Structures are given as structure tokens and as C-alpha cells.
Amino acid sequence: VFDGGKITTPATCTEDGVKTYACIICNHTKTEVIPATGHTYGEWEVADDDNHKKECTRCDYVETEAHAWDSGVETIPPTTDAEGEMTYTCTVCGHTKTETIAKLSVPTITVNNANANAGDEITIPVSIDNNCGLVGLTLSINYDSTALELIGYEAGDALSGLTLIKQGNADLPVKFMWDGQDADSTNGTILNLKFKVKNTASGDYTVDVEVLTAIDDNVNDATVSTVDGTVTVAAHVHDWDDGVVTL
């Protein structure tokens, strides 16, 4: 007849223990295995920038794993003037890391060059490249009114998500405004300017473009560079008639 037994070798997290029973009549003994308990962990906590850890509450064993990063949140939006920041959070322990977002490319507004003859009607495209996404843009267009006459305009394919408005009358400089609720980041022609080349024109004439306002999708001022265009008008060539005998 065995007694209730006593633990002669305590079980640990990783090693089995032993419980020993003794016969109350003859002192014969028998043993039973006490299964290893396994580790009992506390909460995950930060180990370092690469890993998190959890420690066993019964022994000194520490388990580590690599951080499990989420898809990140843009905590500082980039602009054309400054880098932005992306913040990632470990979904297990809450540790965070940040990464730099490169500056946005500076958009460029370009007035295309054109060749013409006196008396021609010409169309000059105005285009945008490296568009960072704009919700607002106002341009000033200036030109030599002794050589060129603006006779019309139409919107291009780029910035078609914004509303194009010509401001004021025909007095120089001429102002064009694009306005909208959502940013438009398309590149290409934003405006076609239609000019009449005056009969007295000859030589090179600059079509100047200036950015008065540019607003990005974070409602910040955007830096935009410009390139002026040149209209080259060929020298007038006389178109002689058959002549008349005058003497």
C-alpha cells in the first residue's frame, strides 16, 4: 500500500520531474514521471530595433523574434522642398521605425517653341512634367503684343481633373487658373495657346510663363519651375507680281 508520494525531483520548464511513492508496510518505492511544465511567458516587449522578446516567468529563458512590421503610415508628407517620413509599427510589440520618403520631383511648366511666318495662325502647347499632384495652379502668360495676338485657348489633356479658367480680359499678362478638389498628377499638355502672327513680325519673340500659385494635394505651396518658349518668325519674303512696264 503506497503513500501519497512526494516530489523527489521537481519538474522544470524543459526537464521532467520525479514523484516517489513508498509502501507504508515494507517501504518499497515506485516512481512516476512529472511532465516538464513548459515555459510560461510574459508579454512581448522590445528587445532591440530588429527583434522583440518574451521571457519565461519561471526560468531565465528568453524567446526572440523579428519585428512584424505593418504597412506603415505616412506621418510627414514629402514636398518638393523637404523629405517626408513613413512610420512602421510592429504588430506584436508596438515598436516603431521610420523611413525617409524622398522629396517630390519639382514640376516644370514649359512653353513649347514654334516657327511661323508673318500672318500665320499658330498653336503653342504649354506642358507640365514631373507633376507631383496639384489641386490648384495659376499661370501668367506674357508675350510681345506687337508681334503676337492671342486669339484663343483650350485645355490640354493634363490637369483635366481640374477646372481651367481664364482670368480677366485680354490685357497682358494673361492669367490662367486651374482649380479642383482632388489632386491631378497627370503629365503632358495643360494648355494650347492660339496666336495670330502679325504681318509686321519678324525674328524671335519670347512667350513668358510665370507661376503665380501652385498648391499640392496637402494644401501646401508647391515649387514649380518654368521654361519660356520662343516663336521664331521668318523674315518677310516679298511675293512679286508679274510686273508692269512703267517706262
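Think of each chain on its own: its residues are numbered from 1, step by step along the sequence as written. Only residues with pLDDT of at least 70 are given local features in this predicted model, and only at 80 or more are side-chain atom pairs given and counted; all residues enter the totals for whole chains, interfaces and linings. Water and hydrogen atoms play no part in the side-chain values, which are based on all heavy atoms of the structure.

(A) Summary view of the sheet that holds strand E18 (residues 203-216). Only when DSSP finds a minimum of two bridges between them are two strands counted as paired. To qualify as a helix, a DSSP run of H or I must reach at least 4 residues; to qualify as a strand, a run of E must reach at least 2; elements of each kind are numbered from the N terminus. With respect to topology, 6 strands assemble into an open sheet ordered E11-E20-E18-E13-E16-E15, the strand pairing being mixed. Of all the strands in the sheet, the pair left with one neighbour each is strand E11 (114-116) and strand E15 (163-167). Pairwise comparison of adjacent strand axes, ignoring direction, gives a mean angle of 20° for this sheet. Where E18 lies against strand E20 (residues 229-233), 5 bridges are found, and the strand directions are antiparallel. Its bridge partner being in E20, Gly203 is matched across the sheet by Val233. Lines fitted to C-alpha atoms define the axes, with helix axes restricted to the stretch in contact, and inter-axis angles between N-to-C directions lie between 0 and 180 degrees.

(B) A look at the packing of aromatic side chains. In this analysis, rings of Phe, Tyr and Trp, with Trp reduced to its six-membered ring, are considered paired at centre separations within 6.5 Å, and the interplanar angle assigns stacked below 30 degrees, edge-to-face beyond 60, and tilted for intermediate values. Summed over the entire model, instances satisfying the criterion amount to 3 aromatic pairs. Ring centres 5.0 Å apart and planes at 75° place the aromatic pair Tyr143 and Phe195 in the edge-to-face group. Pair noted here: Tyr143 is in the loop between strand E13 (134-142) and strand E14 (148-155) and Phe195 is in strand E17 (residues 188-197), with a separation of 52 residues, a long-range link. Residue Tyr143 is classed as buried on the basis of its relative accessible area of 10%. Relative accessible area decides the class of each residue, using a 1.4 Å probe on protein chains only: under 20% of the type maximum gives buried, over 50% gives exposed, and in between gives partly exposed.

(C) Main features of the nonpolar core. By convention a nonpolar core is built from buried Ala, Val, Leu, Ile, Met, Phe, Trp, Tyr and Cys residues, the set being connected through side-chain atoms within 4.5 Å. Counting 38 residues, the largest nonpolar core has Ile109, Leu137, Leu148, Phe176, Trp178 and Ile190 as the members making the most contacts within it. The element contributing the most residues to this core is E17, with 5 residues. Residue contacts for Ile109: discarding those within four places in its chain leaves Val126, Ser127, Ile128, Leu137, Leu139, Ile190, Val209, Val211, Val224, Ser225, Thr226 and Val227. Any two residues whose heavy atoms approach within 4.5 Å are treated as being in contact.

(D) Region of the structure containing the pairing of strand E9 (residues 96-101). Here strand E8 (residues 84-89) pairs with E9 via 6 bridges, running antiparallel. Residue pairing for E9: Glu85 is matched across the bridge by Thr100. In textbook terms, the turn of a hairpin is the stretch between consecutive antiparallel strands, and for E8 and E9 this stretch comprises 6 residues, one of which, Gly94, has a positive phi near 85°.

(E) Representation of a nonpolar patch on the surface in the model. Patches here: salt-bridge-free residues with over 30% relative accessible area, like charges joined within 9 Å, nonpolar side chains (Val, Leu, Ile, Met, Phe, Trp, Tyr) joined within 5 Å. Computed with a 1.4 Å probe, the accessible areas rest on the Shrake-Rupley method; for each residue, only the protein chains presented here act as cover. By salt bridge we mean one thing: a side-chain nitrogen of Lys or Arg within 4 Å of a carboxyl oxygen of Asp or Glu. A contiguous nonpolar patch, built from Val1, Ile24 and Ile25 and spanning about 360 Å² of accessible area, is present on the exposed surface. With respect to the helices and strands, Val1 occurs in the segment before strand E1 (6-9). Using a relative accessible area of 60% as the deciding quantity, one classes Val1 as exposed.

(F) A look at the pattern of salt bridges. Counted according to the given criterion, the structure contains 4 salt bridges. For Lys53, the salt bridge is made with Glu45, and the minimal N-O distance between the two is 3.9 Å. The shortest N-O distance in the salt bridge between Lys194 and Glu154 comes to 3.9 Å. Here Lys194, found in strand E17, pairs with Glu154, found in strand E14; they are 40 residues apart in sequence, far enough to count as distant. Judged by its relative accessible area of 32%, Lys194 falls in the partly exposed class. In this structure Glu154 comes out as partly exposed when scored by relative accessible area, which is 39%.

(G) Broad picture of the sheet that holds E9. Across the sheet, which stays open at both edges, the 3 strands sit in the order E7-E8-E9 with antiparallel pairing between neighbours. In the strand order of this sheet, the two ends are held by strand E7 (73-76) and E9, each with one partner. Within this sheet the neighbouring strands show an average axis-to-axis angle of 35°, counted without direction. Bridging between E7 and E8 involves 3 bridges; their strand directions are antiparallel. Residue pairing in the sheet places Glu74 in a bridge with Met86 of E8.

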